[in-house]
Amino acid sequence: MAFNHLPAGAHDALGPLSRTPVTHSVPMANTHGPGRPTAHADKRPTPGTVLDRLAAGPSRAARITHTEHLPPRAGRHAVWPDRIRSDVVAAIAAAGIDHPWAHQAEAAEHALDGTSVVVATGTASGKSLAYLAPVLSALADGAQAPNGRGATALYLSPTKALAADQRRAVRELAAPLGNAIRPAVYDGDTPVEEREWVRQYANYVLTNPDMLHRGILPGHPRWSSFLKALRYVVIDECHTYRGVFGSHVAQVLRRLRRLCARYGSEPVFLLASATASDPAAAASRLTGLAVTEVVDDASPRGEVVFALWEPPLTDLKGEKGAPVRRTATAETADLLTDLVVQGVRTVAFVRSRRGAELISVIAQERLAAVDRSLPGRVAAYRGGYLPEERRALERALHSGELLGLAATTALELGVDVSGLDAVLITGYPGTRASLWQQAGRAGRSGQGALAVLVARDDPLDTYLVHHPEALFRRPVEATVLDPDNPYVLAPHLCAAAAELPLTDADLTLFGPTAGELLPQLEAAKLLRRRATAWHWTRRERAADLTDIRGSGGRPVQIVEAATGRLLGTVDESASHTAVHDGAVHLHQGRTYLVKHLDLEDSVALVEEASPPFSTTARDTTSISVLETEHEIPWGPARLCFGSVEVTNQVVSYLRRRLLSGEVLGEAKLDLPPRTLRTRAVWWTVTEDQLDEARITPEILGGALHAAEHASIGLLPLFATCDRWDIGGVSVPLHPDTLLPTVFVYDGHPGGAGFAERAFHTARAWLTATRDAIAACECAAGCPSCIQSPKCGNGNDPLHKRGAIRLLTRLLAQAPPP
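Remember, predicted model here, so these are calculated numbers, not experimental data.

1. A few points about the overall build of the protein chain
Consideration 1: A tally of regular secondary structure across the protein chain gives 25 helices and 31 strands.
Consideration 2: For the protein chain, the proportion of its 817 residues judged to be buried stands at 61%.
Consideration 3: Counting only carbon and sulfur atoms, one obtains 52% of the accessible surface of the protein chain, whose full area is about 30200 Å².

In structure tokens:
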């Protein structure tokens, strides 16, 4: 029997850019909305005071496992390069910025030299101004061109909200320059009647990779004058372009560079990133160009207090009688309630859309018991909302009308919300880069800030709150992406051929595997070679072959059955687990039950309800080895990496009581299986090793299964992935290896680079896995060590002590690092 674990299908704006250096602890800001008195700055509570208030009360203090105090830091000024236009420098000064920070001036110098550069400094370090100064200077230089167009610039962001916020900030900064700077957003929300104006007259176009892929590049003849004059391409928050999404964006950028060359331009790429390991290498993989990095952060920082918070154990028993901790969602809702009552302006980040809705609902209910005016000052913000809903929430948060917001990562990179006092992070967000990005959303006006990581009941979160050095003493991860993934590259070759026929000279641009794929695309009758070039042969749009977000398929529309009203959408890849028949769906604080999922028409019909439970899908998975690319002996054991085929089917769902997580029942589902060809890392052990580890046949399945769960939970420490990006299977006797085997695989077609990263860091990764299991205080296994919330086998069987002995035996003969 196989045991499986399936994957689920801040921006700086302009401030603070450069103000008086902060060299001491600064009181926290206190934002006041309508009807609330304005406090004086000297009465604002410090981060430590706010944390002390949160920790007051029975058992609260014991939940804080560690507090990290980051001292304030003074800033280091420089002067703008003399090639920046004087009127641009004057406009920046009019915004209150007399001198740039040293890293801003350094990045601007590289841009003016025509060198592509990535600025990888902390949140609120003024990365935006580092690229805006040279960009605005170039645009203002070209404003006197005979056609009024001159130089142009393209700005790419991962979210629509970030582009909209950047336009607002650019308009404010460039106001003294008059009509020389004409910024415009061009995305799916741009009205059709405005698009022609943007193409013809805007010289700073703000969009996202999706629109570049589906709209701008396929329609490049209409953009010819813009592309011909393209001087700079700004890629904001480039650390978010990782995994399959990052690999797709890398190929979109290569298509952009190819068309620019066709029109006679060679733009310089200016990238902004959160602090990352080796940002120049990651930026080079993304753009395909040599990129210089600027990493010495010269901006000031106020005091930051960062607390690690572990919810308490409850009296409830989970699967197999395991102890159950209070959910991170419920704990965060309590903390958000307390902070809003104190008037502390807070964003609570949560990873799932459902979690954001749930935290908002719980906080509103509890605030209603305190003050009837308070529930309206808390809301949820997540992807899947309609555009007008997102814009309204962004305005309310920016104005201070909202005191508390429960948000998914859609807001992590969303809008400038300077003045936040605190950030709650509901569960480790998957990477240290994202953790610091979210924490950096508070204190963005230079004041002190409080950040609290609320641990979920899973191996990684439990490990981190008890090993703070893993968060505060290690560098952030390197960004993982693989542009040469054939599943990624193939549709982009088709899209490129549809834009301009592909020639041999183009193949170097698209990477070493491009030449191998062209004959396959020709055999599939997608491309046809004529003379010296390959041409797109179909009537349909080649850009529609792929969804660059990696989800694939048409989004499933969520429709209220009684009214026909569209509530939102969910990715096709997530529909089997998120909106199956009987699933609970939350939207804008309202709860709905899915009556029917129509896969053929991509529609989920829902009706409003108030069930006292949430739902969790269950699945079964099998895996077969297609090719072993690398194999390393660990004594008699083997560590391998290669291609696999995974077959998965959602078979049932659990109903869990709200807040406690207690299982109320299970219902069967009839959904079709799905097949995935991807990449995996796997390890095998021999019969002799099992004997040495005292692993009997009766406990072998449970030991392998427990090791698989825990290793998946810990992998995000070593690769820029989320546990929901990866899956796993453990088999006491696998037909392809003929040995007990544990697989961990990428949950995306062709792979995303995560399993390969696991292969190269296997010793450290599996050592941390063993240590996390051994350190857990439970007797037989719990969600904090070896149980998984998405286990397709109901966390059965699991054997905690067997997993520790098995991993110890495996690691004993691992080669040295």
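Structure's up, so let's keep going.
2. Describing the sheet that holds strand 10 (residues 304-309)
Consideration 1: If you walk across this open sheet you meet the seven strands as 2-10-17-16-13-15-14, and the pairing is mixed. Every other strand in the sheet has two partners, leaving strand 2 (64-70) and strand 14 (378-381) as the edge strands with one partner each. Recorded for the sheet is a direction-independent mean angle of 15° between the axes of neighbouring strands.
Consideration 2: In this structure, strand 10 lies alongside strand 17 (residues 449-454), joined through six bridges in parallel fashion. The residue bridging F306 from the neighbouring strand is A451, located in strand 17.
Consideration 3: With respect to the sheet, helix 1 (residues 47-55) is in contact with strand 2, strand 10 and strand 17, its orientation differing from that of strand 10 by roughly 20°.
Consideration 4: Contacting strand 2, strand 10, strand 13 (346-350), strand 16 (422-426) and strand 17, helix 14 (residues 432-439) runs over the sheet at an angle of about 145° to strand 16.

3. Comments concerning the sheet that holds strand 20 (residues 533-536)
By way of backbone hydrogen bonds, the strands of a sheet pair with one another, either parallel or antiparallel.
Consideration 1: Taken together, three strands build an open sheet; the order of strands is 18-20-19 and the sheet is antiparallel. Taken across any chain shown, the strands that pair with only one partner, and hence form the sheet edges, are strand 18 (502-503) and strand 19 (527-530).
Consideration 2: Across two bridges, the pairing between strand 18 and strand 20 is antiparallel. Bridge pairing in strand 20 places T503 opposite A533.
Consideration 3: Strand contacts of helix 19 (residues 514-523): strand 18, strand 19 and strand 20, with the helix running at about 105° to strand 19, the strand carrying the most contacts.

4. Side note on helix 19
Consideration 1: Turning to helix 19, its buried residues number three or more, namely A514, L517, L518 and L521. Down the axis, helix 19 shows its buried residues gathered within 115° of arc, on one side only. Seen from the open side of helix 19, the exposed residues pointing more than 90 degrees away from its buried face are E516, Q520 and A523.
Consideration 2: Of the surrounding secondary structure, the elements contacted by the buried residues of helix 19 are helix 17 (486-499), strand 18, helix 18 (507-510), strand 19 and strand 20.
Consideration 3: Two residues or fewer after helix 19 comes K525, characterised by a positive phi angle close to 60°.

5. Side note on the packing of aromatic side chains
Consideration 1: For the structure shown, the criterion picks out eleven aromatic pairs.
Consideration 2: For the ring pair F306 and F472, a centre distance of 5.4 Å and an interplane angle of 75° mean the geometry is edge-to-face. In this pair, F306 sits in strand 10 while F472 sits in helix 16 (residues 469-472), placing the two residues 166 residues apart along the sequence.
Consideration 3: Take F472: its relative accessible area is 14%, and that puts it in the buried class.

6. Focus on the confidence of the model for the protein chain
Consideration 1: Averaged over all residues, the pLDDT of the protein chain equals 87, while 90% of them reach at least 70.
Consideration 2: A low-confidence stretch, residues 8-42 stays under pLDDT 50, and its non-local contacts, those more than four residues away or across chains, total 128 contacts.

7. Comments concerning helix 7 (residues 209-216)
Consideration 1: Burial runs high along helix 7: seven of the eight residues are buried.
Consideration 2: Regarding helix 7, the residues found buried are P209, D210, M211, L212, H213, G215 and I216.
Consideration 3: Its buried side turned inward, helix 7 meets strand 4 (152-156), helix 6 (192-201), strand 6 (204-207), helix 9 (243-262) and helix 17.

8. A few points about the pattern of salt bridges
Consideration 1: Overall, the coordinates contain 36 salt bridges when judged by the stated rule.
Consideration 2: Residues R60 and D338 are paired through a salt bridge, measuring 3.0 Å at the closest nitrogen-oxygen approach. One end of the pair, R60, is in the loop between helix 1 and strand 2; the other, D338, is in helix 11 (residues 328-341), with 278 residues separating them in the sequence.
Consideration 3: The exposure class assigned to R60 is buried, which follows from its relative accessible area of 13%.
Consideration 4: A salt bridge links R679 to E629, with the nearest nitrogen and oxygen atoms 2.2 Å apart. In this pair, R679 sits in strand 29 (residues 674-684) while E629 sits in strand 26 (residues 613-634), placing the two residues 50 residues apart along the sequence.
Consideration 5: Residue classification places E629 among the partly exposed residues on the basis of a relative accessible area of 29%.

9. Regarding the pairing of strand 13
Each regular strand displays side chains that alternate between the two surfaces of the sheet.
Consideration 1: Most of strand 13 is tucked away: five of the five residues are buried.
Consideration 2: Inspection of the sheet shows strand 13 paired to strand 15 (residues 404-407) by four bridges, in the parallel sense. From the neighbouring strand, T346 faces strand 15, where its bridge partner is G404.

10. Focus: the packing of helix 3 (residues 102-112) against helix 4 (residues 127-142)
Consideration 1: Running from amino to carboxyl end, helix 3 crosses helix 4 at an angle of 40°, the nearest separation of the two axes being 8 Å. The two elements helix 3 and helix 4 meet at a crossing, and its hand is right-handed. On helix 4, the residues touching Q104, A107, A108, A111 and L112 of helix 3 are L129, A130 and P134.

11. Regarding the side chain of T737
Consideration 1: Tracing the backbone through its elements, the reader meets T737 in the loop between strand 30 (726-731) and strand 31 (741-746).
Consideration 2: In contact with T737, not counting residues within four places along its chain, are W682 and T684.

12. Examining the environment of V234
Consideration 1: With respect to the helices and strands, V234 occurs in strand 7 (residues 230-235).
Consideration 2: Accessibility expressed as a relative area gives 0% for V234, which makes it buried.
Consideration 3: For V234 and V135, which are 99 residues apart along the polypeptide, the C-alpha to C-alpha distance reads 8.9 Å.
Consideration 4: Setting aside residues no more than four positions away along its own chain, V234 makes contact with Y131, V135, L154, Y155, L156, Y204 and L270.

13. Side note on the packing of helix 22 (residues 697-714) against helix 24 (residues 762-775)
Any two packed helices are characterised by the angle at which their axes cross and by the distance between the axes.
Consideration 1: Remark: helix 22 packs on helix 24, axes separated minimally by 9 Å, with the N-to-C direction vectors making an angle of 115°. It follows from the interaxial angle that helix 22 and helix 24 lie roughly perpendicular. Taken as a pair, helix 22 and helix 24 cross one another with a handedness that is right-handed. Residue-level contacts link A706, A707, A710, S711 and L714 of helix 22 to W765, L766, A768, T769, A772 and I773 of helix 24.
Consideration 2: Class assignment of the residues belonging to the contact of helix 22 with helix 24 gives a composition of nine nonpolar, two polar and no charged.

Rules behind the numbers
- Residues numbered from 1 in each chain as written.
- Predicted model: local features only at pLDDT ≥ 70, side-chain atom pairs only at ≥ 80, totals over all residues.
- Heavy atoms only, no water.
- Helix = DSSP H or I, 4+ residues; strand = E, 2+ residues; numbered from the N terminus.
- Buried < 20%, exposed > 50% of the residue type's maximum accessible area, 1.4 Å probe, protein only.
- Areas by Shrake-Rupley, 256 points an atom, 1.4 Å probe, with all protein chains shown as cover.
- Pairing = 2+ DSSP bridges.
- Axes fitted to C-alpha atoms, helices over the stretch in contact; angles between N-to-C directions.
- Contact = heavy atoms within 4.5 Å.
- Arc of directions from axis to C-beta.
- Phe/Tyr/Trp six-rings, centres within 6.5 Å; stacked < 30°, edge-to-face > 60°.
- pLDDT = per-residue confidence, 0-100.
- Salt bridge = Lys/Arg side-chain N within 4 Å of Asp/Glu carboxyl O.
- Left-handed = near helix turned anticlockwise from the far one by under 90°.
- Parallel < 35°, antiparallel > 145°, perpendicular 65-115°, else oblique.
- Nonpolar A, V, L, I, M, F, W, Y, C, P; charged D, E, K, R; others polar.

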